[in-house]
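Summary of structural features
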Amino acid sequence: MNSVLQMPFNYLATRKAKLTYVITASLFTQVFLLLFQPYGLNTEMVNPQNSILNIVLFFQGIMVSTFIGISLSQFVLRPLFNIRQVSIKKYALWFLFEAVLIAMIYFGLSFVIPDLGNDFEEELTIVFQLKNVFRAIVLLLFPFMFCIVYENIQTLSKEIRELENQLVSYKKNVRKHLTEELLNIEDENGNNELSIRLDQFLYAEASNQYVLVHYVSNNELKKRIIRTRLKSLEERFAMLPIKRCHRSYLVNLINVNYLQKKGGAYAVVIEHVQKINIPVSKSYLMQIKEEIKS
């Protein structure tokens, strides 16, 4: 747990990400409070002592407090106090500070905007203000996590697009020089079992003491089982774009169309005659990316 808290917090660093957080949090507070009416709001909403104007001003006060508080925190105070390259643990404290800041701004506005109910004296107590800080934390948590997840998705999508572009360039460069190269795939005794062009080879799959070679011939998918080890093929074709992507798979990168991620699992996709998904383990993911970039 401590190692996770010490990891760098690399989110909400750009102006666009900060603005998304400010707007999302401001709107979420309105929608959440109106829909669910927690913290006794359902009683105050039907209280005849509260006019429509007071109810509207109450919700607007919360939205304005959230907007001003997070805007100050993200655009003014974070640069001022250099809250950028910090750990998750340190940013968690900053998140708490944001909740306190919003509660303080709302407290200031409560002297101008009429509050719901007749308990203003109670609102002046420390206990009540601590409750408001807790409420602010709960309300901020949802839009905060949404923005982090959204930023992660955006970053991943950008990386995949960049990788696809690099893959196209990589395949063009390799095809100029190597596609006509002949692959001689031998068994464990050095006997030649299969001779195909490099561009015909799709991937190889380990199966106990054997390797199942998947390739294309006459526009048809074919398989050939050869008694050898995947490591032997990896070493033999080390200078070619045939790379290990998983403990049990070698893939020919010039036939890969794109990289995809579903859930927490990565796969390279070959669309040759039919769509083929080949798993990419996390331990080989960076190697595949670096190979394509190079």
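Just so it is clear, the structure is predicted and the values come from calculations on it, not from any experiment.

Let us look at the overall build of the protein. Along the protein, the regular secondary structure elements total nine helices and 12 strands. Expected size for 294 residues packed as a compact globule is a radius of gyration near 19 Å; at 29 Å, the protein overshoots this value by more than 25%. Each principal axis of the C-alpha distribution contributes one length, and for the protein these read about 90 × 40 × 35 Å. The buried share of the protein, taken over its 294 residues, is 41%. Pairs at least 24 residues apart make up 59% of the contacts formed inside the protein by residues separated by at least 6 positions. For the protein, the centre of its 32 positive side-chain charges and the centre of its 25 negative side-chain charges are spaced 4 Å apart.

Within the UniProt annotation, "transmembrane region" (unreviewed entry) is assigned to residues 21-39, 51-70, 91-113 and 133-153. Between the C-alpha atoms that bound residues 21-39 there is a distance of 24 Å. The span itself is 84% helix and 0% strand. Along residues 91-113, the helical share is 83% and the strand share 0%, with 32 Å between the first and last C-alpha atoms.

What follows covers the pattern of salt bridges. Where charged atoms from two side chains of opposite charge come close, those side chains can pair. What the rule picks out here adds up to six salt bridges. The shortest N-O distance in the salt bridge between Glu-193 and Arg-224 comes to 3.6 Å. Of this pair, Glu-193 sits in strand E4 (residues 192-197) while Arg-224 sits in strand E7 (residues 220-226), and the two are 31 residues apart along the sequence. Looking at Arg-224, the relative accessible area reads 29%, which means it is partly exposed.

According to the stated counting rule, one finds 17 aromatic pairs in the structure shown. On the numbers, 5.8 Å between centres and 65° between planes, the contact of Tyr-21 with Phe-144 is edge-to-face. Highlighted residues: Tyr-21 in helix H2 (residues 15-36) and Phe-144 in helix H7 (residues 126-177), separated in sequence by 123 residues. Residue classification places Tyr-21 among the buried positions, given a relative accessible area of 0%. Ring centres of Phe-28 and Phe-32 lie 5.5 Å apart, and the angle between their planes is 25°; on these two criteria the pair is classed as stacked. Here Phe-28 and its partner Phe-32 are both found in helix H2, four residues apart, which amounts to about one turn of the helix. Residue Phe-28 is classed as partly exposed on the basis of its relative accessible area, which comes to 22%. Its relative accessible area of 17% is what places Phe-32 among the buried residues. Three or more aromatic residues joined by ring pairs make a cluster, and in this case those are Phe-9, Tyr-11, Tyr-21, Tyr-91, Phe-95 and Phe-144. Sitting over the face of the ring of Phe-128, Arg-135 holds its NZ or CZ atom 5.7 Å from the ring centroid.

What counts, and at which threshold
Residues numbered from 1 in each chain as written. Predicted model: local features only at pLDDT ≥ 70, side-chain atom pairs only at ≥ 80, totals over all residues. Heavy atoms only, no water. Helix = DSSP H or I, 4+ residues; strand = E, 2+ residues; numbered from the N terminus. Rg over C-alpha atoms; globule rule 2.2 N^0.38 Å. Buried < 20%, exposed > 50% of the residue type's maximum accessible area, 1.4 Å probe, protein only. Contact = heavy atoms within 4.5 Å. Lys, Arg positive; Asp, Glu negative; His and termini not counted. Charge placed at Lys NZ, Arg CZ, Asp CG, Glu CD. UniProt positions renumbered as here; feature names shortened; annotations may be inferred. Salt bridge = Lys/Arg side-chain N within 4 Å of Asp/Glu carboxyl O. Phe/Tyr/Trp six-rings, centres within 6.5 Å; stacked < 30°, edge-to-face > 60°. Lys NZ or Arg CZ within 6 Å of the ring centre and 35° of its normal.

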